[in-house]
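Next come the chains, spelled out residue by residue.
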Amino acid sequence: MLGKSLIDPMDLSVEEIYEILDLGQKIIEDPEKYSQSCRGKILATLFYEPSTRTRLSFEAAMLRLGGSIIGFSQAASSSAAKGESVADTIKTIECYADIAAMRHPKEGAPKVAAMNSAIPVINAGDGGHQHPTQTLTDLLTIKSLKYRLTNLKIGVCGDLKFGRTVHSLIKAMSRYEGVEFYLISPDELKIPNYIKEEILEKNNIKYKEVKKIDEVIEELDILYMTRVQRERFFNEDDYVRLKDRYILTNEKLQNAKEDMIIMHPLPRVNEIHVSVDDNKRAKYFNQVKYGMYARMALILKLLGRDE
C-alpha cells in the first residue's frame, strides 16, 4: 500500500482491509510501540468543509504516531478563496507534506487531487459521495465489537440518499458473506438506485426497504443511524419536514437483541435521544476512538511505516 491514495473504499482489496484492521487492533493493544513510527513525517489536512471528528481524528492519529501536521480547516482560509484549483493546491502541498487528507463539498475533488499528486491523498469525504476512512472506522468498530464482518444483519436508518457514510459502508460490506441490509428511510431519502443496482443486486445481497425502525428492530445485529443533513438540501422546507422523522429512543429498543450495537458516524442532531447514550447497545462514542486507530493504521500503511 506504500504511496497509494485512498479515494473509494473499493480501492482497497479485502486483504488490504484486513491488514489495516489487524494493524489497528495491534495499535489499540500496544500504542507505545507505534508512538514514533512517523517521526519526521508531515500530514496535511485540507478541509474545504467543516469537520470535528474526521479532521481532529486524522490530526490526533498523526501526532500519536510521532508525526507533524499542517493544513487548513475551511476553504476561506486557503487560496481556494482566491480561485486556486484543487490540482494546483495539491501540487503546492506535496512540496511541504508526505501525505494529505482532503475533505471537499464537491464529489470527485479528492480524486482530482490524487491524480495530480506525488504524495498519497486520502479522501476524508467528498460531498454526498464517499467517506472511506469512516468506513474503515466502521469496520474496525464492527470487527472489534461483533468479532466478525460476516453473517450480519445491518439496519441503516435516516438519510440514505445523501449519506456518504452509508454508501461507503454498503460498498465495503458487500464483499463479506451473509450480510443483509435493512434500508430504513422515508421515500424522499431512499438509497440511490445505483447503490441498489450496482452493489446490492449485482452481488446478490439481500436487502429490504422499510419506513419504520419498529418493523425490523428485532432482526438487527447492528443499527447504523444517520442524521438528515441540512447542508445537502436545496430547499429548507424539505429539511424541516424530514429532520425529525426518525428519533431513536430506549422505548424503540425494547425488542432489540441484547447484543445489538448502535452506531452513528456523528455529529448527532436529534436522531438519537440522549437517554440512549446510557444504553449498553450504544457504541457511537466508542466508534469515534476506533476511528483514530483506523486512521493511524492507514497512515502507517500508506507511508510504509507499519513494520
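Below you will find a few notes about this structure. Here the structure is a predicted model, which is why all the values come from computation and not from measurement.

**With respect to the overall build of the protein**
- Broken down by element type, the protein carries 9 helices and 9 strands.
- In terms of overall dimensions, the protein is globule-like: its C-alpha atoms have a radius of gyration of 19 Å, near the 19 Å expected for 307 residues.
- Taken along the three principal axes of its C-alpha coordinates, the protein extends 55 × 45 × 40 Å.
- In the protein, which comprises 307 residues, the share counted as buried stands at 55%.

**Concerning helix 1 (residues 14-29)**
- For helix 1, which comprises 16 residues, the first-to-last C-alpha distance of 23 Å matches the rise-based estimate of 22 Å (1.5 Å per residue) to within 8%.
- Along helix 1, the positions that sit buried rather than exposed are Glu-16, Ile-17, Ile-20, Leu-21, Leu-23, Gly-24 and Ile-27. Take helix 1 and look down its axis: the buried residues cluster within an arc of 160 degrees, on one side only. Along helix 1, exposed side chains directed more than 90 degrees from the buried face belong to Glu-15 and Glu-29.
- Structurally, helix 1 contributes buried residues whose contacts are with helix 5 (132-146) and helix 9 (284-303).

**With respect to the pairing of strand 5 (residues 153-157)**
- Of all 5 residues making up strand 5, 4 are buried, and the element is well covered by its neighbours.
- In this view, the connection linking strand 5 to its parallel neighbour strand 6 (residues 180-184) by way of helix 6 (residues 164-173) has right-handed handedness.
- In this sheet, strand 8 (residues 222-225) lies alongside strand 5 in parallel orientation, the contact comprising 4 bridges. Pairing of Gly-155 across the sheet is with Leu-223, part of strand 8.

**Let's talk about the side chain of Thr-137**
- Secondary-structure assignment places Thr-137 in helix 5.
- At 2.9 Å, the side chain of Thr-137 and the backbone oxygen of Thr-133 are in polar contact.
- Residues within four places of Thr-137 in sequence aside, it is in contact with Gln-287, Tyr-290, Gly-291, Ala-294 and Arg-295.

**A closer look at helix 6**
- Of all the 10 residues making up helix 6, 10 are buried; the element is thus mostly covered by neighbouring parts of the structure.
- Every buried residue of helix 6 is listed here: Arg-164, Thr-165, Val-166, His-167, Ser-168, Leu-169, Ile-170, Lys-171, Ala-172 and Met-173.

**Regarding the packing of helix 5 against helix 9**
- Packing of helix 5 against helix 9 brings their axes to within 8 Å, and their N-to-C directions diverge by 115 degrees. One finds that helix 5 runs roughly perpendicular with respect to helix 9. By crossing handedness, the relation of helix 5 to helix 9 is classed as right-handed. Two secondary-structure elements touch here, helix 5 through Thr-133, Gln-134, Leu-136, Thr-137, Asp-138, Leu-140, Thr-141, Ser-144 and Leu-145 and helix 9 through Gln-287, Tyr-290, Gly-291, Tyr-293, Ala-294, Arg-295 and Leu-298.
- In terms of residue class, the contact of helix 5 with helix 9 is built from 7 nonpolar, 7 polar and 2 charged.

Definitions and limits used
- Residues numbered from 1 in each chain as written.
- Predicted model: local features only at pLDDT ≥ 70, side-chain atom pairs only at ≥ 80, totals over all residues.
- Heavy atoms only, no water.
- Helix = DSSP H or I, 4+ residues; strand = E, 2+ residues; numbered from the N terminus.
- Rg over C-alpha atoms; globule rule 2.2 N^0.38 Å.
- Buried < 20%, exposed > 50% of the residue type's maximum accessible area, 1.4 Å probe, protein only.
- Expected span 1.5 Å × (residues − 1).
- Arc of directions from axis to C-beta.
- Contact = heavy atoms within 4.5 Å.
- Right-handed = clockwise from strand over helix to strand, strands pointing away.
- Pairing = 2+ DSSP bridges.
- Polar contact = N/O pair within 3.5 Å; in protein donor to acceptor, adjacent residues only side chain to side chain.
- Axes fitted to C-alpha atoms, helices over the stretch in contact; angles between N-to-C directions.
- Parallel < 35°, antiparallel > 145°, perpendicular 65-115°, else oblique.
- Left-handed = near helix turned anticlockwise from the far one by under 90°.
- Nonpolar A, V, L, I, M, F, W, Y, C, P; charged D, E, K, R; others polar.

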